[in-house]
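Structural description and commentary
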Amino acid sequence: MIAVNNDEQIFHLQTLNSSYVVQVSDAGHLLNLYYGQRLEHRDNLSILDHSYQVKLGSTTAYSSEDERYCLETRKQEVSTSGKGDYRESSLHLIYTDDGSSTSDFVFDRYELNSNKPCLDGLPQTHSPADGDQSLTIVLREKIKPVELHLHYTCFARQDVICRSMEIINLGSTPVVVDKACSMNLDLSSPAFDALHLTGKWIAEGQLQRHALYKGVFSIGSNRGVSSATHNPFMALAKPGCGEMTGDCYGFSLIYSGNHKITTEVSPYDQTRIMLGISDFDFRWSLAEGERFTCPEAVMTFSHQGLGKMSNNFHRIIKTHLIPQPWQNKARPIQANNWEATYFNFDEGKLMKLARKAKDLGVELFVLDDGWFSNRNDETSGLGNYVEDKKKLPGGLARISRKIRQQGLQFGLWVEPEMVSEDSDLFRQHPEWAVISPKRQPSLGRRQLLLDMSNPEVIDYLYQQLADVFRRAEVSYVKWDHNRNFSDVYSNHLPPGQQSGFYHRYVLGLYRLLFKLKETFGEVLFENCSSGGNRFDLGMTFFMPQTWTSDNTDAYERVAIQQGFSLLYPQCCMSAHVSGHPSHQMLRHTPIESRFNVSCFGLSGYQLDLTKLTTFEEKVIMKQIRFYKQHRTLLQQGDFYRLAIDGGNQQTAWIVVNDDKTEAVAGFFQGLQQANPTLKTLKLPMLNTDGLYQVTSREQFHNIRQFGDLVNEELPVNIKDRGILHGIVANRVLHPSKNETYTLYGDQLQHLGIPLKSQFTGTEMSEQVSHIGDFGTRLFHIRQLQ
Ligand code: GLA
C-alpha cells in the first residue's frame, strides 16, 4: 500500500512489516525520511525529517535562501554532483549543448498505479497482486529539458520494494548518460556490516561479512557478465544481526551484465548504498525524445534477521520473477551426461546411460556439450548447431525420440552467445565476433563472443535455436556462457556507441530470450555460465533454474549453496550428485552426502550411471524415491539456514511447508572432530504447540569404510579388503543409526533435537552415531497433531 500526504508531499510505501517514507523538501529534492520496521501511516510523518538546523562549516549551501540546507547531509533518493553533495553520486549526466555536468533534479509530479510500468526490453518483477501498488515520481532538471521517472513498486506480502529509474531527454541536443544507478538509498546510521557473495570458477557464492567504515566500499563486475566475482547482491546488517534476529536490508539488481554496488559512509554518519549498471566503459547518448531505462533493483528490510531477509527474496523470486509456468511446477530429476562422458560419447553410450537413468527413477535426460559437428574438445565448433553424424548418426531427432520412448524427457545443452575461431560461422561471418579492430583477440576457453548488439546475430541465433529445439523436441535447455568479455568492440555500432557495448550486448541477449520465451514458453531453461558466473535475477526472469557451480563436490557445495541462499531460493539452484572422487577436488565424499546436499536444490545425477556398483544403484534408487516423495517441500518450501552452537565444521538447513506441518532439515559436517562435543539441532519456524515426529532419513554406509572394524558388528569374520569384504560391501546396505524424536514445536525451536554422540573410537552402539568426515543427515519432520 502506498499512502500520499499531499500537504507535506510525503509518500509512505508500506509492506506487511516495513515502511519506506520519502518527502519532497522545500527546495524540491526528493529525500528519504525512513526505511525500516513498519510504521502506521499518520499525518505527522514529517517529524522523521531529522536534519541539521545549523550552518555547518566547510559545507556548500544549496542556495543562499537557506544556508543550513546542504545536500551533503541530506538523505536523497537520487544523488547528483555539482550542488554540494560530495559523496559518490548515483546519476551523472553530461549536457552536450554546453558540456556542463551539474544536475539538479526537483519534484514535478507523481502518479499512482495498480500496475507497474513496463521497463522496455528488460526483465523485471511481474505486477504485484491486487492491493499492491506502484508509484512513479517525476523529477525534472531545473534548467535542462530532462526528466527522471522514479518507479517504486510495493510487494506488501513479500516485504519487498522494487525501484527503477528512466531518464528522458526532452530537449533537442543530446544528453550523455555517464552513470545511472537504478537506486540510491541513504540511511541514517554508519553502523552496518556489508554481506556479499564473492568467488570464482568452482568456488562461487562465498559469503563475506565485514563492517563498513568511513569511505567508499564497492563491489561489481566489469567482465561483461554479472560474474561469480561479485554476485549482484548486498545486505547491510546491523552488527550482531544473525539468522533469526536483528535488522538488515537486502539489495539486488535484475540484470546480467556489468554492475556496481557502492556504499559510502559519510563524515556525517550516514550510509549511502547505490545499485546499478556499472559505469565502467559506459556512456549512452540520448537524442531528442529518447529514454534510458535502468534495470530494476529489489530491496527488502527484515527485523527478524538474515533468515527473513532471504525468505523475502525467495518469495518475490518464486512468485513474481521466475517464468509463470514454472512458479509452482515440480522440476524434473535429471541425468546429465557431462561428467559421465565429457565429449566422448555416441548414441549407443547415451542410450545406455538413459536406460540406466530411467531404471533408477530419473525423469529427464540431458545431452550436454559435444553433440554438434567439429566439437570433440573445447577448441572448435561453437556457432554451428549441426549434429555430429559420427556421434549421432540419426541426428538429434533420433536420439531424442529414442530417449523419449524410454519414458524420459529430453534436454539439450547450447552455448549460443559464442563462436569458435575454428567454425563455419566464424569463417562466414568474422565480423560477428567481438574483436577489437586490428588486434589479435585474447581468448577465454578458446572461444570468442558473438556480437549480441547486432540484430542480425540475434535473428540468426533465433532461427538456429528454434530449429534445433523443434528438431530435438526438447523439454529442457541448458544455456551456457563460458567466457568473460575481452577486446570489446562491435562492427555493427558507430564509434559513438562503442562505450555502450556492454549494455547493448545484454539488451540483445534479453531480446533473444524474450523471443524464445514467447515461442518456447513450456520449455524449462537452465542458466549456466561455467556454473554460477552469471547467476543473477536477470537470467532468473527467463530461466527459473541455474547450474549453481561446476563444483559438485558435496562439501564445497554446502558453502556455495549456503552463500547463494542469501538471495536465491533452492528451486533456482540445480545441484547434482556426481561421481567419486569429485572431478573438481579429487575428494571422496559419501554418496548419501552428495545426495543430501543436492536435496536442497534441484536434484539430479551427473556421473557414469552405467558404472555404478550394486550398492550405489540400490542407494540411488532409494534417494530418488525419497526426493520424489518430498519434492514439493524440498523444491518449494521456505528455506532457512540454521545456526549450530560451536559448529564451525557444521552447517544446517531446513525447508518448511506453508502451514508448518512438515519440514526437512539437513545437517552437514565437514571434518569430524576428535572427541566432539554434544550438538543439538534447533529447528525454528514450526508451530509452537504442534507435536512433531522427527525421523532421520534412512541412509546407508558402504561397509568398506569400516575396514576391519566391521567385524565388531558382524556374526562372521570378514577379512579387510578380502574378496568377501568386497562382495558384502557391494550387496549389503548397512543402515546408519536411525534417530527418531517426538517433540513440540517450541521444544524443537528452543531446545532442539539432541543429536546422538558421534563415534569417538571407543564403542559402537545404538546410541552412537557415525557421521564421519563429510557426513550428513537428513531429518523428516511431521506434525502429529
Ligand atoms: C561449462 C558448464 C558445464 C558443462 C561444460 C560443457 O563448463 O558449466 O556444466 O556444460 O561447460 O562444455
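Everything below is about the structure shown above.
A brief report on the enclosed structure follows. Treat the numbers as computed from the prediction; the structure is a model and nothing was measured. (Residues numbered from 1 in each chain as written. Predicted model: local features only at pLDDT ≥ 70, side-chain atom pairs only at ≥ 80, totals over all residues. Heavy atoms only, no water.)

**Section: the overall build of the chain**
A count of helices and strands for the chain gives 14 helices and 42 strands. Computed over C-alpha atoms, the radius of gyration of the chain comes to 28 Å, within 12% of the 28 Å expected from 2.2 N^0.38 for 785 residues, which places it in the range of a compact globule. Overall size of the chain, expressed as C-alpha extent along the three principal axes, is 95 × 65 × 45 Å. Per-residue burial over the chain gives 62% buried out of 785 residues. Residue pairs in contact within the chain that sit at least 24 positions apart in sequence constitute 71% of those at least 6 positions apart. Accessible surface, the chain: about 29,300 Å² in total, of which carbon and sulfur atoms supply 48%. Here the chain contributes 79 positive and 89 negative side-chain charges, whose respective centroids are spaced 6 Å apart. (Helix = DSSP H or I, 4+ residues; strand = E, 2+ residues; numbered from the N terminus. Rg over C-alpha atoms; globule rule 2.2 N^0.38 Å. Buried < 20%, exposed > 50% of the residue type's maximum accessible area, 1.4 Å probe, protein only. Contact = heavy atoms within 4.5 Å. Areas by Shrake-Rupley, 256 points an atom, 1.4 Å probe, with all protein chains shown as cover. Lys, Arg positive; Asp, Glu negative; His and termini not counted. Charge placed at Lys NZ, Arg CZ, Asp CG, Glu CD.)

**Comments concerning the side chain of Asp-369**
Mapped onto the fold, Asp-369 is located in the loop between strand 22 (364–367) and helix 4 (395–405). A distance of 2.8 Å separates the side chain of Asp-369 from the side chain of Arg-375, its partner in a polar contact. Discounting residues that sit within four places of it in the chain, Asp-369 has contacts with Trp-338, Tyr-342, Phe-343, Phe-345, Arg-375, Trp-413 and Arg-445. (Polar contact = N/O pair within 3.5 Å; in protein donor to acceptor, adjacent residues only side chain to side chain.)

**Overview of the nonpolar core**
Ranked by size, the top nonpolar core spans 184 residues in total, and within it Ile-167, Phe-292, Trp-371, Phe-469, Trp-479 and Tyr-605 carry the most contacts. Not counting residues up to four positions away in its chain, the partners in contact with Phe-292 are Met-165, Glu-166, Ile-167, Val-177, Ala-180, Ile-277, Phe-282, Trp-284, Leu-286 and His-503. Grouped together as the second largest cluster of nonpolar side chains are 22 residues, Phe-667, Leu-681, Leu-686 and Ile-781 included. (Core = buried A, V, L, I, M, F, W, Y, C linked by side-chain atoms within 4.5 Å.)

**Notes on the packing of aromatic side chains**
Counted under the stated rule, the structure contains 43 aromatic pairs. An angle of 55 degrees between the planes, with centres 4.7 Å apart, marks the rings of Phe-535 and Phe-564 as tilted. Separated by 29 residues along the polypeptide, Phe-535 in the loop between strand 27 (524–527) and helix 8 (537–542) and Phe-564 in helix 9 (residues 554–564) bring together distant segments of the chain. With a relative accessible area of 1%, Phe-564 lands in the buried category. Measuring from ring centre to ring centre gives 4.7 Å for Trp-653 and Phe-668, while their planes differ by 55 degrees; the resulting arrangement is tilted. One end of the pair, Trp-653, is in strand 32 (residues 650–656); the other, Phe-668, is in strand 33 (residues 662–669), with 15 residues separating them in the sequence. Of the aromatic side chains, those joined through ring pairs into one cluster are Tyr-20, Tyr-35, Tyr-152, Phe-192, Tyr-249, Phe-251 and Phe-301. Sitting above the plane of the Trp-284 ring, Arg-504 keeps its charged end 3.8 Å from the centroid. (Phe/Tyr/Trp six-rings, centres within 6.5 Å; stacked < 30°, edge-to-face > 60°. Lys NZ or Arg CZ within 6 Å of the ring centre and 35° of its normal.)

**Focus on the environment of Leu-396**
Checked against the element boundaries, Leu-396 lands in helix 4. For Leu-396, a relative accessible area of 0% gives the class buried. Each C-alpha atom, one on Leu-396 and one on Gly-666, is 40 Å from the other, the two residues being 270 residues apart in sequence. If we skip the residues at most four places from it in the chain, Leu-396 touches Leu-367, Trp-371, Glu-387, Leu-412, Val-468, Arg-471 and Ala-472.

**Description of the site of the ligand**
Lining the immediate surroundings of the ligand are 13 residues, of which Asp-368, Asp-369, Arg-445, Lys-478 and Asp-550 lie closest. At a separation of 3.0 Å, an oxygen atom of the ligand approaches a polar side-chain atom of Asp-480. Of the residues contributing to the shell around the ligand, the split by class is four nonpolar, three polar and six charged. (Near = heavy atom within 4 Å. Nonpolar A, V, L, I, M, F, W, Y, C, P; charged D, E, K, R; others polar.)

**Here's the deal with the side chain of Ser-103**
Topologically, Ser-103 is positioned in the loop between strand 5 (91–95) and strand 6 (105–113). We classify Ser-103 as buried; its relative accessible area is 2%. A distance of 2.6 Å separates the side chain of Ser-103 from the side chain of Tyr-95, its partner in a polar contact. For Ser-103, the contacting residues outside a window of four places in its chain are Thr-80, Ser-81, Lys-83, Leu-93, Tyr-95 and Glu-141.

**Notes on the packing of helix 3 (residues 347–360) against helix 4**
Packing of helix 3 against helix 4 leaves a shortest axis separation of 10 Å and a crossing angle of 20 degrees. Accordingly, the angle class assigned to the pair helix 3 and helix 4 is roughly parallel. Seen from above, helix 3 lies across helix 4 with right-handed handedness. Taking contact as the criterion, the partners of Glu-347, Leu-350, Met-351 and Ala-354 in helix 3 are, on helix 4, Arg-398, Ile-399, Lys-402 and Ile-403. Residue composition of the contact of helix 3 with helix 4, by class: five nonpolar, no polar and three charged. (Axes fitted to C-alpha atoms, helices over the stretch in contact; angles between N-to-C directions. Parallel < 35°, antiparallel > 145°, perpendicular 65-115°, else oblique. Left-handed = near helix turned anticlockwise from the far one by under 90°.)

**What about a positive patch on the surface?**
A cluster of basic residues, Lys-618, Lys-622, Arg-625 and Arg-731, forms a positive patch at the surface. Here the positive patch takes three residues from helix 11 (residues 614–629), the largest share from any one element. Structurally, the position occupied by Lys-622 is in helix 11. (Patch = residues over 30% accessible without salt bridge, like charges linked within 9 Å, V, L, I, M, F, W, Y side chains within 5 Å. Salt bridge = Lys/Arg side-chain N within 4 Å of Asp/Glu carboxyl O.)

**Some thoughts on a nonpolar patch on the surface**
The grouping of Ile-723, Leu-724 and Ile-727 at the surface amounts to a nonpolar patch, some 320 Å² of accessible area in total. Secondary-structure assignment places Ile-727 in helix 13 (residues 723–731).

**What about the pattern of salt bridges?**
Under the counting rule described, the total for this entry stands at 43 salt bridges. The salt bridge involving Glu-88 is made with Lys-179; its shortest N-O contact spans 3.9 Å. With a gap of 91 residues between them, Glu-88 in the loop between strand 4 (30–37) and strand 5 and Lys-179 in strand 10 (residues 175–187) connect regions that are remote in the sequence. A salt bridge links Arg-109 to Glu-147; its shortest N-O distance comes to 3.1 Å. Highlighted residues: Arg-109 in strand 6 and Glu-147 in strand 8 (residues 146–155), separated in sequence by 38 residues. It is possible to trace a salt-bridge network through shared partners that takes in Asp-85, Arg-87, Asp-186 and Arg-272.

**Points about helix 13**
All of the buried residues along helix 13 are His-725, Gly-726, Val-728 and Ala-729. If you follow the buried residues of helix 13, they end up packed against helix 11.

These figures come from the coordinates and say nothing about function on their own.
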